[in-house]
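An overview of the molecular structure
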Amino acid sequence: MKQVAYIRFDGEEYPYYIMKKILILFYLLCPLLIFAQEDDDAFKIREIYDISLTQGDAYETLEHLCTKVGGRLSGSSGAAAAVDYGKAKFETMGFDSVWLQPCMVPHWERGDKEVVKIVASQTLGTQALNGIALGGSGRSGKLGVAGEVIEVQGIEELKALGAAKVRGKIVFYNRPMDPLQVSTFAAYGGAVDQRVYGPEAAMELGAVATLVRSMTTKLDDVPHSGVTYFEDRSKAIPAVAISTKDAELLSTLLEKEPVRVYVKTDCQWMPDKLSHNVVGEIKGSTFPDEIIVVGGHLDSWDVNQGAHDDGAGCTQALDVINTFKKLKIKPQRTLRCVWFMNEENGQEGAKAYANWSNDKGEKHIAAIESDRGGFTPRGFTTEADETVYKTHIKKAKKWDKLLSPYGIVIKPSGGSGADVTRLKPQMGLLFGLQPDSQRYFDYHHAPNDNFEAVNKRELELGAAAMSSLVYLLDKYGM
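These figures come from a predicted structure and were not determined experimentally. Counting restarts for each chain: residues are numbered from 1 in the order of the written sequence. Local features in this predicted model are restricted to residues of pLDDT 70 or higher, and side-chain atom pairs are both shown and tallied only at a pLDDT of 80 or more, whereas totals for entire chains, interfaces and linings draw on every residue. In computing side-chain values, all of the structure's heavy atoms are included and hydrogens and water are not.

**Here's the deal with the side chain of H224**
- With respect to the helices and strands, H224 occurs in the loop between β9 (209-213) and β10 (239-242).
- Using a 1.4 Å probe on the protein chains alone, a residue whose accessible area is under 20% of its type maximum counts as buried, one over 50% counts as exposed, and one in between counts as partly exposed. Residue H224 is classed as buried on the basis of its relative accessible area of 1%.
- N or O atoms closer than or at 3.5 Å make up a polar contact, with two conditions inside protein: a donor-capable atom paired with an acceptor-capable one, and, for residues adjacent in sequence, both atoms drawn from side chains. A distance of 2.6 Å separates the side chain of H224 from the backbone oxygen of H444, its partner in a polar contact. The helix and strand labels rest on DSSP assignments: H or I over at least four residues marks a helix, E over at least two residues marks a strand, and numbering proceeds from the N terminus.

**Describing the layout of surface pockets**
- The volume enclosed by the largest pocket comes to roughly 560 Å³.
- Points on a 1 Å grid, built from protein atoms alone, make a cavity when a 1.4 Å probe fits but cannot get out and make a pocket when they are open with protein on both sides within 12 Å along at least 5 of 7 lines; residues with an atom within 4 Å of a point are the lining residues. As for the largest pocket, its lining consists of 26 residues, of which Y188, E343, D371, A418 and H444 are closest to the centre.
- Looking at the lining of the largest pocket, the elements with two or more residues in it are α6 (184-189) and α7 (193-196).
- Tallying contributions element by element places α6 first for the lining of the largest pocket, with three residues.
- Each residue is assigned to one of three groups, with Ala, Val, Leu, Ile, Met, Phe, Trp, Tyr, Cys and Pro labelled nonpolar, Asp, Glu, Lys and Arg labelled charged, and all others, Gly among them, labelled polar. In terms of residue class, the lining of the largest pocket is made up of nine nonpolar, eight polar and nine charged. Grid points are joined across faces, edges and corners, and a volume is the space filled by probe spheres set on the points.

**Observations regarding the pairing of strand β16 (residues 377-383)**
- Summarising burial for β16: six of the seven residues are buried, a large majority.
- One requirement defines pairing of two strands: DSSP has to find at least two bridges between them. Taken together, the six bridges between β16 and strand β18 (residues 429-435) define a ladder with antiparallel strand orientation. If you follow F380 over to β18, its bridge partner there is L433.
- In this sheet, strand β17 (residues 409-414) lies alongside β16 in parallel orientation, the contact comprising three bridges. Within β17, the position partnered with T382 by the bridge is G414.

**Description of the nonpolar core**
- Nonpolar cores are built from buried Ala, Val, Leu, Ile, Met, Phe, Trp, Tyr and Cys residues. Side-chain atoms within 4.5 Å join them into one set. In terms of nonpolar packing, the biggest core is built from 59 residues, with L298, C337, W339, I368, F380 and F431 touching the most fellow members.
- Per-element tally for this core: the top contributor is helix α14 (residues 456-476), with nine residues.
- In what follows, a contact means two residues having at least one pair of non-hydrogen atoms within 4.5 Å. Those residues in contact with L298 that lie beyond four places of it in its chain are L65, R72, A82, V83, V278, C314, W339, F340 and M341.
- Counting residues in hydrophobic clusters, the runner-up holds 32 residues, among them L134, V152, A187 and F441.

**A few points about unusual backbone geometry**
- A cis amide bond links D309 with the next residue in sequence, D310, at an omega value of 0°.
- Secondary-structure assignment places D310 in helix α10 (residues 307-326).
- Positive phi values are uncommon outside glycine, yet M427 reaches one of about 70°.
- Here M427 lies in the loop between β17 and β18.
- Here the phi dihedral of H445 falls at roughly 65°; this positive angle occurs in a residue that is not glycine.
- Its relative accessible area of 5% is what places H445 among the buried residues.

**Comments concerning the packing of α10 against α14**
- Close contact between α10 and α14 brings their axes to 8 Å; oriented N to C, the two are set at 55°. On the basis of the axis angle, α10 is oblique to α14. As for the relative orientation of α10 and α14, their crossing is right-handed in sense. Residues A312, T315, Q316, A317, D319, V320, T323 and F324 of α10 touch α14, and the partners they reach there are E458, L459, G462, A463, M466, S467, V470 and Y471.
- The residue inventory of the contact of α10 with α14, partitioned by class, reads nine nonpolar, five polar and two charged. Axis angles are defined between N-to-C directions and span 0 to 180 degrees, where every axis is a line fitted to C-alpha atoms and, for a helix, only to the segment in contact. By definition in this entry, angles of less than 35 degrees are roughly parallel, angles greater than 145 are roughly antiparallel, angles of 65 to 115 are roughly perpendicular, and the rest are oblique. Here a crossing is called left-handed whenever its near helix is offset anticlockwise from the far helix by less than a right angle, and right-handed whenever the offset is clockwise.

That's the geometry; what it means functionally is another story.
As structure tokens, this is what we get:
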């Protein structure tokens, strides 16, 4: 009598020859099932792009935020109005819950318009310069201050001069962003220390004021603000950025003759003020304890409408919700959108969110921030705790085949964003939307960062890229 071999599977025994046929059939069909799944994802991502590019809400939301609310420096009435608008807007989007998350933020005021001018030059006489006080600058007093200018390329060069040569002078930091860097963010990172820490270093050596070349690769007459830090705010000296054209003019003049500059600023620090993050949440249907957050920062500098920095990121993040609702996608995992407050000069909103989330023992499997402008998206940069990064990025890179038809790749480096990086201890994968960066620093922290500087289609493409990534993260987890 012929012996029949059996295989035990899931508590039952089956004849070997039957299981063999089933396994062969499974291995033949498995690639087809995978391809079918990829086709489903490809069709869904196509739908996401179709909705974002034809029924997206980001551009209209950005217009209101920029033109009806305007500048939104932390602690200002504009920032408070932006929070009110954000809450009202979120409540129309179909979130399960919307709330304001409190945070105490620094409150610096610019005051009257700055005055910066070359005085008594043998070559030019009196020549006004295009200047703008840096956020955190000190007040000059009603009479202003004047002094001979010393040009340096950086903080170390200044320190080498010593207090005897700096006392009573106006220090002029004139190191440009490196034009050889393909990434303008890398160029910015290589130059911005003189703006952030240079004025305090000059103050410690006895300087009466500081001028800083604007952080932009463009040669123009537009000065760019941005934060500068003084450990003791009461000792802050006037710190002013001047346009790149005027930086070139001043440097050239210094080669010919000693130059005196007059600076008048009306800046002051006020007591810290209560503000809020705006948060909306859709509870996950299957894995509610796994959280995906998308966001941007709601505050901006006071001299512009904060269109690229970072109204664009806020409205792109919110449009993820708009797209999911229009496609009737019910998230399996909890989805949050956060408009963070105070990224520009303190990151108190990011701290408040991360601390609150950590205290609740939450698990963010992913966080996506858009804070590099509303230009054409090129991909996502990433970061995570080193113990999980290799596993996470390996999984995420498999989605390149779905995203690359839209010019999007997931990059195994580059960081995420200032507001979401604090979630790294929760062991998720953090993403930063990476648009083309070549024009970003034409507008960054400058008076021309207004609504008309943003291209509607580019903004919508970024929203579509974020929505597509959230769809994949929600479907497959991390």
